[in-house]
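# An overview of the molecular structure
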Amino acid sequence: MAVNSPRGTSDIFGQDIFYRDFVIDRVRELFKIFNFEEIITPAFEYTEVFSRSIGEATDIVKKEMYTFCDRKGRSLTLRPEGTAAVVRAVIEKKMLDSKSLPLRLFYIGNMFRYERPQKGRMREFWQVGVEALGRKDPLIDAEIIWLLNEIFTRIGFRNLVLNINSMGCGKCREKYTEKLKEYLGEVFNSLCTDCQRRFAENPLRIFDCKIDNCRKIAAKGPKISDFLCGECSDHFMEVRSALTGLSIRYTIADDLVRGFDYYTGTIFEINSKDLESAQNALGGGGRYDNLLSEFGGPDMPAIGFALGLDRTVMLMKELGMQYIPAEKRLKIYILPAAGLDKPYFINILKVLRDAGMTCDIDYGMNSIGAGIKRASKKGFDLALIIGEDEIEKGTVAVKELKSYRQYDLGCKDVVEKIMEITGVK
Ligand code: AMP
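The shown structure was predicted, so the numbers you read here are calculated from the model rather than taken from an experiment.

## A short note on the overall build of the chain
Scanning the chain for helices and strands turns up 15 helices and 16 strands. Over its C-alpha atoms, taken along the principal directions, the chain stretches across nearly 90 × 55 × 45 Å. When each of the 425 residues of the chain is scored for burial, the buried share is 50%. Here the analysis covers contacts within the chain between residues at least 6 apart in sequence; of these, 70% occur between residues at least 24 apart. Summing over all exposed atoms, the chain offers an accessible surface of approximately 21,400 Å²; the carbon and sulfur share of this is 51%. A distance of 2 Å separates the average location of the 63 positive side-chain charges in the chain from that of its 61 negative side-chain charges.

Here it is in structure tokens:
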């Protein structure tokens, strides 16, 4: 029987859960402030949901999807990203109401890509993403970039670089791709075999090659910014001035081309200077103005981003950052002496839990000393000791585990008394 988890997956437990909850609490708070609502889509979809939208020539579709046939022979794929599934759901469930656009949605979910596992790169990983669907105002682009930037700032990261670029519309890209192909044709032999294939299928994908040299060659070629039509160029200028108005610092990265075919117009990525360059992207996204109509939905524009939850936690830990518990909740450990009347302490457990205090019982019940040690180790604030004496008097002995001060409290108003002693509700 296999006893290891599959390569590229992780078990998340202990401290990592606290870090992760800290990040999730921050993003949920911001989604409320920015007025985004949650959507949960299935972990797998019909394969064409991803293959058609992400692009047949991308690495994700070519090499990285977990695709399988179900028992009826239908081809299904574990989601490699969130956008295509959200777009599918929005159209299928007719969520776009022309009177209240853009529709603002967010998701938190696990994604699956058959990549070569390494630090910060997993085969199953978690993403938090948002989509704003139905409008093309450049201010929405700025809002979305602001939100991504704000998430990492609120978590407490400092050494961040926000790169932005515009991929232009179909018209701009046609001219650009032609010139790019001319240039790449001259350096064809220096490209890796994968990029030689990309050259024929979609030369833009050379920018996502995992081999540095290919990306460097592509970056030396013509720039998309020189091929933007008037409309795309004006839109991008407005996004930039809105970002400046919001005091958000950005860098124009004209070699930024993100790894999915569906992007049009504004694209962006936030990197950390504290991570190695191969895994330094914390999150990114862009406009995808044609995807809704390509899925058979209304001809409406949209924009979104996704950030890596695991990578965010990894960076917090690498920087020695502490998570701050969302709220201070008292943690109480009940230590009943062996052989005691169970209803007595179960009743106290219920009273404390009803009051919202985190409460657990020491089922070891061997010695009070050992129980107190266990309570301290597990991060409890108070130990609540119940012996025969206490039952007789109708009290509990409460020990503060930091100061070791001890109090005898009556059972009747135990909650109020504990709050009085600790000052925590
Ligand atoms: P993408 O959907 O490729 O734009 O990725 C968005 C974010 O998800 C990245 O910036 C990473 O933080 C994270 N991410 C992407 N792929 C992986 C992976 N294989 N393992 C861990 N995190 C990932």
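Let's pick the thread back up.
## Overview of the state of the cysteines
Scanning all chains against the criterion turns up 0 disulfides. Looking at the unpaired C172, the closest cysteine sulfur is the one in C169, lying at 3.5 Å.

## Some points on a negative patch on the surface
On the surface, D137, E231, D234 and E238 cluster together into a patch of negative charge. The residue E231 is located in helix 9 (residues 230-245) in this model.

## Thoughts on the domain arrangement of the chain
Annotation of the chain at the domain level lists domain 1 (15-169 + 229-318) and domain 2 (331-422). For domain 1 and domain 2, the distance between their C-alpha centres works out to 47 Å.

## Side note on the environment of C232
If you trace the backbone, C232 turns up in helix 9. With a relative accessible area of 11%, C232 lands in the buried category. Linking C232 and A281, residues 49 residues apart in sequence, is a C-alpha distance of 25 Å. Beyond its immediate chain neighbours, meaning those up to four positions away, C232 contacts G168, C169 and C172.

## Some words on the pairing of strand 12 (residues 331-336)
Of all 6 residues that make up strand 12, 5 are buried, and the element is covered over most of its length. Pairing geometry for strand 12 and strand 13 (residues 358-361), over 4 bridges, is parallel. Each residue of the ladder has a partner; that of I334, found in strand 13, is I361. In the classification by handedness, the crossover that spans strand 12, the intervening helix 12 (residues 342-354) and the parallel strand 13 is right-handed.

## Some details on the packing of aromatic side chains
For the structure on display, the rule yields 15 aromatic pairs. Their ring planes at 75° and their centres at 5.3 Å tell us that F188 and F199 sit as a pair that is edge-to-face. With a gap of 11 residues between them, F188 in the loop between helix 6 (170-186) and helix 7 (193-201) and F199 in helix 7 connect regions that are remote in the sequence. Judged by relative accessible area, F188 falls into the partly exposed class, the value being 27%. For F199, a relative accessible area of 16% puts it in the buried group. Geometrically, the ring pair formed by Y333 and F380 is tilted, given 4.7 Å between the ring centres and 40° between the ring planes.

## Describing the site of the ligand
R113, E115, M122, Q127 and R258 are the nearest of the 15 residues found near the ligand. Contact between the ligand and L282: an oxygen atom at 3.0 Å from a main-chain N or O atom of the residue. Between the ligand and G283 there is a distance of 3.2 Å, counted from an oxygen atom to a backbone nitrogen or oxygen. Alone, the ligand offers 480 Å² of accessible surface; in the complex the protein occludes 91% of this. If you list the elements that add at least two residues to the shell around the ligand, you get strand 6 (124-133), strand 10 (281-287) and strand 11 (302-308). Along the lines of polarity and charge, the residues of the shell around the ligand split into 6 nonpolar, 4 polar and 5 charged.

## Some thoughts on the sheet that holds strand 12
Reading across the sheet, the 5 strands line up as 13-12-14-15-16 and stay open at both edges, with mixed pairing between neighbours. In the strand order of this sheet, the two ends are held by strand 13 and strand 16 (406-410), each with one partner. With strand direction ignored, the average angle separating the axes of adjacent strands in the sheet is 25°. Both strand 14 (residues 382-386) and strand 15 (residues 395-400) contribute to a ladder of 4 bridges, which runs antiparallel. Paired with A383 across the two strands is K399, which belongs to strand 15. Across the sheet, helix 15 (residues 414-422) is in contact with strand 12, strand 14, strand 15 and strand 16; its angle to strand 16 comes to roughly 150°.

Cut-offs used in this document
Residues numbered from 1 in each chain as written. Predicted model: local features only at pLDDT ≥ 70, side-chain atom pairs only at ≥ 80, totals over all residues. Heavy atoms only, no water. Helix = DSSP H or I, 4+ residues; strand = E, 2+ residues; numbered from the N terminus. Buried < 20%, exposed > 50% of the residue type's maximum accessible area, 1.4 Å probe, protein only. Contact = heavy atoms within 4.5 Å. Areas by Shrake-Rupley, 256 points an atom, 1.4 Å probe, with all protein chains shown as cover. Lys, Arg positive; Asp, Glu negative; His and termini not counted. Charge placed at Lys NZ, Arg CZ, Asp CG, Glu CD. Disulfide = S-S within 2.5 Å. Patch = residues over 30% accessible without salt bridge, like charges linked within 9 Å, V, L, I, M, F, W, Y side chains within 5 Å. Salt bridge = Lys/Arg side-chain N within 4 Å of Asp/Glu carboxyl O. Domains from an automatic or database assignment. Pairing = 2+ DSSP bridges. Right-handed = clockwise from strand over helix to strand, strands pointing away. Phe/Tyr/Trp six-rings, centres within 6.5 Å; stacked < 30°, edge-to-face > 60°. Near = heavy atom within 4 Å. Polar contact = N/O pair within 3.5 Å; in protein donor to acceptor, adjacent residues only side chain to side chain. Nonpolar A, V, L, I, M, F, W, Y, C, P; charged D, E, K, R; others polar. Axes fitted to C-alpha atoms, helices over the stretch in contact; angles between N-to-C directions.

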